[in-house]
Amino acid sequence: SSGINAEYGEIESFGQENVETGTIDDRVSSFEELEKSGDDPLRPPPQDWIQEQMKKSIEFRGLSYGETSEWDLCGSRTYYFHNISTVYTGVPKTGCSNWIEALLRADGDLKKQMDPKKVRKVHGGISGRHRLSPSGRMLRTYSNEDLDKAFSFLVVRNPWTRMVSGFRDKVSSEETQGGAFRGAGMAIVKKMRGIEDEKELEKLYPTFAEFARWLVIRQTKGKVDAHFAPQWKTICAPKVKYDMIVPLEFTANLVKEIWSRTGVEDLP
């Protein structure tokens with residue numbers, strides 16, 4: 001798995017400072033002391049620690065983090081919601097559809113919550129005018145200085161669970177969610193099993209192991225869809241420094257702070 005992790009582009013050492021060492025008894029004793037202290041073992045890590053991990057991740061690639069504010073170079077997966085002065089970068093498979101929908105409501109574009117089954121429609125024209133696309137309206141209207149004054153955040157996810165989510169949602173045979181990228185699923189089977197017959201391929205779905213090996217091959221060639229690509233390829237760093245980086249696993253713990261920093265009290 002370490003080979004796949006390295007090829008996939010995520011840094012294995014990311015956050016290793018938080019991993020305990022020692023015997024099982026040492027770990028149990030440490031956890032018992034934590035419980036006695038009254039501290040919540042599921043408490044989100046502090047932002048300064050998360051920012052430090054982001055800095056290490058960027059510097060690992062020979063780049064610097066937090067030294068520039070070039071929002072105009074972020075691209076179409078970063079949005080500016082001017083009414084609530086908030087910049088958000090939507091990383092695929094981190095709940096970005098739901099965040100964009102909520103931000104559209106907060107900014108006044110939507111008057112009520114969308115049907116969860118139709119939430120993917122937010123990626124169309126309704127959110128298009130908020131994108132920081134090179135030729136888009138936002139960059140013609142607002143400067144880097146305006147954007148730098150806004151509250152900025154993004155959500156990141158454990159690379160493993162994100163990879164599993166991408167497989168289940170896009171190329172698996174699951175009836176409830178799989179097959180959204182049916183063409184990609186067939187291409188994986190064709191590549192990994194050497195099957196050429198199109199009619200036979202239409203009946204087949206890749207296994208997770210085949211999907212993982214295919215990702216390694218595609219990543220090596222630099223050809224992989226954003227839903228499967230490493231998160232650092234979507235994150236607008238090192239061009240900018242985000243005010244808040246939210247681990248998906250702690251979204252429920254941090255959502256109140258996010259809305260507080262946008263100035264939003266109640267969503268429609």
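For the structure, check the block above.
Just so it is clear, the structure is predicted and the values come from calculations on it, not from any experiment.

(A) Representation of the overall build of the protein within the structure. If you tally the helices and strands in the protein, you get twelve helices and five strands. Classification of the 268 residues of the protein by burial places 40% in the buried group. Partitioning the intrachain contacts of the protein with sequence separation of at least 6 by distance along the chain shows that 65% fall at a separation of at least 24. Of the accessible surface of the protein, which amounts to about 14900 Å², a share of 49% is contributed by carbon and sulfur atoms.

(B) Examining helix α12 (residues 251-262) more closely. Given a rise of 1.5 Å per residue, twelve residues ought to cover 16 Å, and the 15 Å separating the end C-alpha atoms of α12 matches this to within 8%. The complete set of buried residues in α12 reads Thr 251, Leu 254, Ile 258, Trp 259 and Thr 262. In an axial view of α12, the angular spread of the buried residues amounts to 150°, which keeps them on one side of the axis. Residues of α12 that are exposed and point over 90 degrees away from its buried face: Lys 256 and Ser 260.

(C) Looking closely at the packing of helix α8 (residues 159-171) against helix α11 (residues 208-221). One can describe the packing of α8 onto α11 by two numbers: an axis separation of 11 Å at closest approach and a directional angle of 110°. Between α8 and α11, the crossing angle belongs to the class labelled roughly perpendicular. As α8 packs across α11, the resulting crossing turns out to be right-handed. Taking contact as the criterion, the partners of Trp 160, Met 163, Val 164, Gly 166, Phe 167 and Val 171 in α8 are, on α11, Phe 208, Phe 211, Ala 212 and Leu 215.

(D) A look at the side chain of Lys 170. Residue placement: Lys 170 occurs in helix α8. For Lys 170, a relative accessible area of 7% translates into the label buried. Here the side chain of Lys 170 touches Asp 169 through a polar contact of 3.2 Å, side chain to side chain. Every residue in contact with Lys 170, bar those within four places of it in the chain, is listed here: Arg 120, Gly 179, Ala 180, Phe 181, Arg 182, His 227 and Phe 228.

(E) Highlighting the sheet that holds strand β4 (residues 151-156). Spatial strand order, β3-β1-β2-β4-β5: five strands in an open sheet with mixed pairing. One side of each edge strand has no neighbouring strand; the edge strands of this open sheet are β3 (131-132) and β5 (244-247). As defined by bridge partners, strand β1 (residues 75-81) adjoins β3 across two bridges and the pair is classed as antiparallel. If you follow Tyr 79 over to β3, its bridge partner there is Arg 131. Helix α4 (residues 96-107) contacts β1, β2 (86-89) and β4 of the sheet and is inclined by roughly 165° relative to β2.

(F) Layout of the pairing of β1. With five of its seven residues buried, β1 lies for the most part within the structure. In the sheet, β1 pairs with β2 via four bridges, with the strands oriented antiparallel. Each bridged residue has a counterpart across the sheet, and for Phe 81 the counterpart in β2 is Thr 86. What sits between the antiparallel neighbours β1 and β2 is a turn of four residues, in which Ser 85 has the positive phi angle 50°.

(G) Broad picture of the side chain of Ser 172. Looking at the secondary structure, you find Ser 172 in the loop between α8 and α9 (182-193). Reaching out from Ser 172, the side chain makes a polar contact with the backbone nitrogen of Glu 174 at a distance of 3.3 Å.

Here is what the cut-offs are and how they apply
- Residues numbered from 1 in each chain as written.
- Predicted model: local features only at pLDDT ≥ 70, side-chain atom pairs only at ≥ 80, totals over all residues.
- Heavy atoms only, no water.
- Helix = DSSP H or I, 4+ residues; strand = E, 2+ residues; numbered from the N terminus.
- Buried < 20%, exposed > 50% of the residue type's maximum accessible area, 1.4 Å probe, protein only.
- Contact = heavy atoms within 4.5 Å.
- Areas by Shrake-Rupley, 256 points an atom, 1.4 Å probe, with all protein chains shown as cover.
- Expected span 1.5 Å × (residues − 1).
- Arc of directions from axis to C-beta.
- Axes fitted to C-alpha atoms, helices over the stretch in contact; angles between N-to-C directions.
- Parallel < 35°, antiparallel > 145°, perpendicular 65-115°, else oblique.
- Left-handed = near helix turned anticlockwise from the far one by under 90°.
- Polar contact = N/O pair within 3.5 Å; in protein donor to acceptor, adjacent residues only side chain to side chain.
- Pairing = 2+ DSSP bridges.

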